[in-house]
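# Secondary and tertiary structure notes
One-letter residues, chain by chain:
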Amino acid sequence: MIKYIQENVSRQSKAVLLLSMLLTEEFSLLMKNDPQGVTSVEMVIQDLMRQIASERMSLRALVQKVDPAAGRLTDILPALADEHRVRLEKLLLKMDGQEQTCAVQAAKNQQLAQALLEQSSSMLDFLHREITPKSHNVYSARGRYQNVAPPATLINGRL
């Protein structure tokens, strides 16, 4: 059973390392302003996250087979032999460091994506304001110059 737990943690560690590389790739694609590339990498990231979640659920089931009262791997570590415990602790420490790196990179990606969204929205607003006619003297739907009649003064209550 311990062998299966070690293999599971090792797979998770490798998956988190891959996630870190994918997040770095996503950042470089965001910097290059390549939306199709970002979308494809984001889909791979989402699939990898689902796989990592599945591995974690599987690990929880393995841990509960060893000790039904345990909810986490760290709950059964003290009961393991020294060689298995040391190896698992090293893997967990390595994976924790990789997860922290992923969290920092994901935050950078999110901030850059948000900034690009705001920049695009501002540019669209600017372009919309620029193409909107400033004067009300414009062509009508029939293609003729439309003179807007001034508002009636009696209806507005002015004399």
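Read on for an overview of the structure. Note that the coordinates shown come from a computational prediction; the quantities given were computed from them, not determined experimentally.

About the cut-offs
Residues numbered from 1 in each chain as written. Predicted model: local features only at pLDDT ≥ 70, side-chain atom pairs only at ≥ 80, totals over all residues. Heavy atoms only, no water. Helix = DSSP H or I, 4+ residues; strand = E, 2+ residues; numbered from the N terminus. Buried < 20%, exposed > 50% of the residue type's maximum accessible area, 1.4 Å probe, protein only. Salt bridge = Lys/Arg side-chain N within 4 Å of Asp/Glu carboxyl O. Expected span 1.5 Å × (residues − 1). Contact = heavy atoms within 4.5 Å. Patch = residues over 30% accessible without salt bridge, like charges linked within 9 Å, V, L, I, M, F, W, Y side chains within 5 Å. Areas by Shrake-Rupley, 256 points an atom, 1.4 Å probe, with all protein chains shown as cover.

### Quick word on unusual backbone geometry
The backbone of Asn-33 shows a phi angle near 60°, a positive value even though the residue is not glycine. Position of Asn-33 among the secondary structure elements: in the loop between α1 (2–31) and α2 (35–66). Judged by its relative accessible area of 59%, Asn-33 is exposed.

### Quick notes on the environment of Gln-51
Following the sequence through the fold, Gln-51 ends up in helix α2. Along the chain, Gln-51 and Ala-15 lie 36 residues apart, while their C-alpha atoms are 8.5 Å from each other.

### Observations concerning the pattern of salt bridges
Within the structure shown, the criterion is met by 5 salt bridges. Between Arg-50 and Asp-47 there is a salt bridge, with its nearest N and O atoms 3.9 Å apart. Taken together, the residues Arg-50 and Asp-47, both in helix α2 and 3 residues apart, mark about one turn of the helix. According to the relative accessible area criterion, Asp-47 is partly exposed, its value standing at 37%. A salt bridge links Glu-99 to Arg-56, with the nearest nitrogen and oxygen atoms 2.1 Å apart. Of this pair, Glu-99 sits in helix α4 (residues 82–131) while Arg-56 sits in helix α2, placing them 43 residues apart in sequence.

### A short note on α4
With 50 residues, α4 should cover 74 Å at 1.5 Å per step; its first-to-last C-alpha distance of 73 Å lies within 8% of that length. All buried positions along α4 are accounted for by Leu-88, Leu-91, Met-95, Gln-98, Cys-102, Gln-105, Asn-109 and Leu-112. Buried residues in α4 make contact with α1, α2 and α3 (73–76).

### Description of a nonpolar patch on the surface
Judged by side-chain polarity, Met-123, Leu-124, Phe-126 and Leu-127 come together as a nonpolar surface patch covering roughly 410 Å² of accessible area. Position of Phe-126 relative to the elements: it lies in helix α4. A relative accessible area of 40% means that Phe-126 is categorised as partly exposed.

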